[in-house]
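# Structural features, examined
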Amino acid sequence: MRSSTKDTTKGALHEAKGKVKESIGSAFRNVSLEAEGKGEKVAGKVQKNIGKAEKNIEDDLDVERNRKGRI
């Protein structure tokens, strides 16, 4: 599995966990849990976007290698 796929997957997982924590914190009026969830959600989005950027770079490198005849 490519590192871009791992980052995208882990980012989506952290984002989902953050949403759950934020919702639970909001429902139980637990400000610290809600804030922790918001932070984890943002971190997950960042990690997911890093994975997308890595994938674009990997794809560009693959295209360039194939164009030059190196597979």
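Everything discussed here concerns the structure shown above.
These notes cover the structure that comes with them. (Residues numbered from 1 in each chain as written. Predicted model: local features only at pLDDT ≥ 70, side-chain atom pairs only at ≥ 80, totals over all residues. Heavy atoms only, no water.)

### A few points about the environment of K52
Assignment of secondary structure puts K52 in helix 2 (residues 31–67). For the pair K52 and T5, spaced 47 residues apart in sequence, the C-alpha to C-alpha distance is 8.1 Å. (Helix = DSSP H or I, 4+ residues; strand = E, 2+ residues; numbered from the N terminus.)

### Thoughts on the side chain of E58
Here E58 lies in helix 2. For E58, a relative accessible area of 18% gives the class buried. Setting aside chain neighbours within four positions, we find E58 in contact with R2, S3 and S4. (Buried < 20%, exposed > 50% of the residue type's maximum accessible area, 1.4 Å probe, protein only. Contact = heavy atoms within 4.5 Å.)

### Looking at the packing of helix 1 (residues 3–27) against helix 2
Geometrically, a packed helix pair is captured by the angle between its two axes and the distance between the axes. It is the contact of helix 1 with helix 2, at a shortest axis distance of 7 Å, that shows an interaxial angle of 165°. On the basis of the axis angle, helix 1 is roughly antiparallel to helix 2. Crossing angle aside, the handedness with which helix 1 passes helix 2 is left-handed. In the contact of helix 1 with helix 2, the residues fall into 4 nonpolar, 12 polar and 18 charged. (Axes fitted to C-alpha atoms, helices over the stretch in contact; angles between N-to-C directions. Parallel < 35°, antiparallel > 145°, perpendicular 65-115°, else oblique. Left-handed = near helix turned anticlockwise from the far one by under 90°. Nonpolar A, V, L, I, M, F, W, Y, C, P; charged D, E, K, R; others polar.)

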